[in-house]
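Residue-level listing of the chains:
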Amino acid sequence: MMFENQQYTLQCSVQNVAPVQSLKVTFYRGNTALGHLRSNSEQKKPVNETFTLNITPSREDDGAQYWCEAKLELGPAGPQRPPVVTSEKLPALVHYGPELKEPPNPDVITITEGDTLPLNCSSVGNPYSGSVLTIKSVGFEHEGQYICTVRNTVGTVTKEFNIDVQVNSTPYIISGTILGALVLVGLSVGWYCKHNCMGHSKLSKIIVTDS
């Protein structure tokens, strides 16, 4: 396990090698060569030697495999395929602080009463994975400031949300429309009776005669 932006030393030990002057040690991250090293020894007999390389991992190195290769380059007189020995491959676990996937929003979030409100606090870090808080039916009690804090062993980030809840005018519009329609119907009936029910009534003159 390693932490981002801290320095670490890779070590590759080669045993019983000769001539050590012909030895080339290469460090790898995956298939990428990080550096080539050679010995300064003048020994002609087989020796043991350790080679080191300093690295500073980043979050992109999380899960990468580090390993080394020892190759004995004996020149044209040597084997056509130089003797090569490789180490085991060690996977790196790089811990790094959380980082917000979306930048903070300084503006006020205006939402209508009864709507769904998602507060996105998604972030990435190791170890950590962010989440989203969802309020399914917003009320006036949800109005105000929310602070999301994400932390792990490496660092901490925060994100603020300012929520303004507005009145849902739809029920009032519907009620007003229905009330207006009822008033209009009442006026229409009154107008019809005024001009039809009373306007056309007539008095009949009754004549009584003796037989």
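Each chain carries its own residue numbering, running from 1 in the direction its sequence is written. At least 70 in pLDDT is required for a residue's local features to be given in this predicted model, at least 80 for side-chain atom pairs to be given and counted, and no such filter applies to totals for whole chains, interfaces and linings, which use all residues. Where side-chain values are given, they derive from all heavy atoms of the structure, hydrogens and water being excluded.

Caption draft 1: Region of the structure containing the overall build of the chain. Summing up its helical and strand segments, the chain has one helix and 16 strands in all. Throughout, exposure labels follow a simple rule: accessible area from a 1.4 Å probe, protein chains only, divided by the maximum for the residue type, with under 20% read as buried, over 50% as exposed, and the rest as partly exposed. By the burial criterion, 27% of the 211 residues in the chain qualify as buried. By definition in these notes, contact holds between two residues if any of their heavy atoms fall within 4.5 Å. For the chain, the share of sequence-separated contacts (at least 6 apart) that also reach a separation of at least 24 residues comes to 62%. Summed over all atoms, the accessible surface of the chain reaches about 14,900 Å², with 53% contributed by carbon and sulfur. Under the scheme used here, helices are H or I runs from DSSP no shorter than 4 residues and strands are E runs no shorter than 2 residues, and both carry numbers assigned from the N terminus. For the area figures, the Shrake-Rupley method with a 1.4 Å probe applies, and any residue is considered shielded solely by the protein chains shown.

Caption draft 2: Summary view of the pairing of strand β11 (residues 117–120). Burial of β11 is one-sided: the residues Leu-117 and Leu-119 facing one way are buried, the residues Pro-118 and Asn-120 facing the other way are not. Whether two strands pair depends on DSSP finding at least two bridges between them. Summarising the sheet, β11 and strand β14 (residues 132–135) pair through four bridges and their orientation is antiparallel. Directly across from Leu-117, in β14, lies its bridge partner Ile-135.

Caption draft 3: Layout of the state of the cysteines. The term disulfide is used for any two cysteine sulfur atoms that are within 2.5 Å. All chains considered together, the criterion is met by two disulfides. Two residues, Cys-12 and Cys-68, share a disulfide whose sulfurs are 2.1 Å apart. Disulfide Cys-12-Cys-68: torsion about the S-S bond near 70°, hence right-handed. Here the residue Cys-12 occupies a position in strand β2 (residues 8–17), and Cys-68 occupies one in strand β6 (residues 65–72), the gap between them amounting to 56 residues. Among the residues examined, Cys-68 registers a relative accessible area of 7% and is labelled buried. Each sulfur of the disulfide joining Cys-121 and Cys-148 lies 1.8 Å from the other.

Caption draft 4: Quick peek at the pairing of strand β4 (residues 32–38). Pairing of strand β3 (residues 23–29) with β4 involves six bridges; the strand directions are antiparallel. The residue bridging Phe-27 from the neighbouring strand is Gly-35, located in β4. The antiparallel pairing of β3 with β4 creates a hairpin that spans two residues between the two strands, and Gly-30 there sits at a positive phi of about 65°.

Caption draft 5: Inspection of the environment of Ser-22 at higher detail. Along the chain, the position of Ser-22 falls in the loop between β2 and β3. For Ser-22, a relative accessible area of 18% gives the class buried. In contact with Ser-22, not counting residues within four places along its chain, are Arg-38, Lys-71, Leu-72, Glu-73 and Leu-74.

Caption draft 6: How the structure looks around the nonpolar core. Residues grouped as a nonpolar core are buried Ala, Val, Leu, Ile, Met, Phe, Trp, Tyr and Cys residues, joined through side-chain atoms within 4.5 Å. Counting residues in each nonpolar core, the largest one holds 19 residues, and the members touching the most others are Val-14, Val-17, Leu-23, Val-25 and Phe-27. Only β2, β3, β5 (47–55) and β6 provide two or more residues apiece to this core. When residues no more than four places from it in sequence are discounted, the contact partners of Leu-23 are Val-14, Val-17, Leu-37, Arg-38, Ser-39, Phe-51, Ala-70, Lys-71 and Leu-72. Membership of the second largest hydrophobic core comes to eleven residues, among which are Leu-117, Val-150, Ile-163 and Val-165.

Caption draft 7: Broad picture of unusual backbone geometry. For the bond from Ala-18 to Pro-19, the omega torsion is -10°, close enough to zero to count as cis. Structurally, Pro-19 can be placed in the loop between β2 and β3. At the junction of Asn-126 and Pro-127, the peptide bond is cis and its omega measures out at 0° in the coordinates. With respect to the element layout, Pro-127 can be found in the loop between β12 (123–126) and β13 (128–129). Unusually for a residue other than glycine, Asn-5 sits at a positive phi of about 70°. In this structure, Asn-5 sits in the loop between β1 (2–3) and β2. Positioned with a positive phi, Asn-16 is a non-glycine residue whose angle comes to about 55°.

Caption draft 8: How the structure looks around the sheet that holds strand β16 (residues 156–166). Ordered in space as β10-β16-β15, the three strands form an open sheet in which the pairing is mixed. Of all the strands in the sheet, the pair left with one neighbour each is β10 (108–112) and β15 (144–151). Averaged over all neighbouring strand pairs, the angle between strand axes comes to 30°, with direction disregarded. Of the pairings in the sheet, the one linking β15 to β16 comprises eight bridges and is antiparallel in character. Counterpart to Thr-149 in the pairing with β16 is Thr-158. Geometry is summarised by axes, namely lines fitted to C-alpha atoms with helices restricted to the contacting stretch, and by angles between N-to-C directions that run from 0 to 180 degrees.

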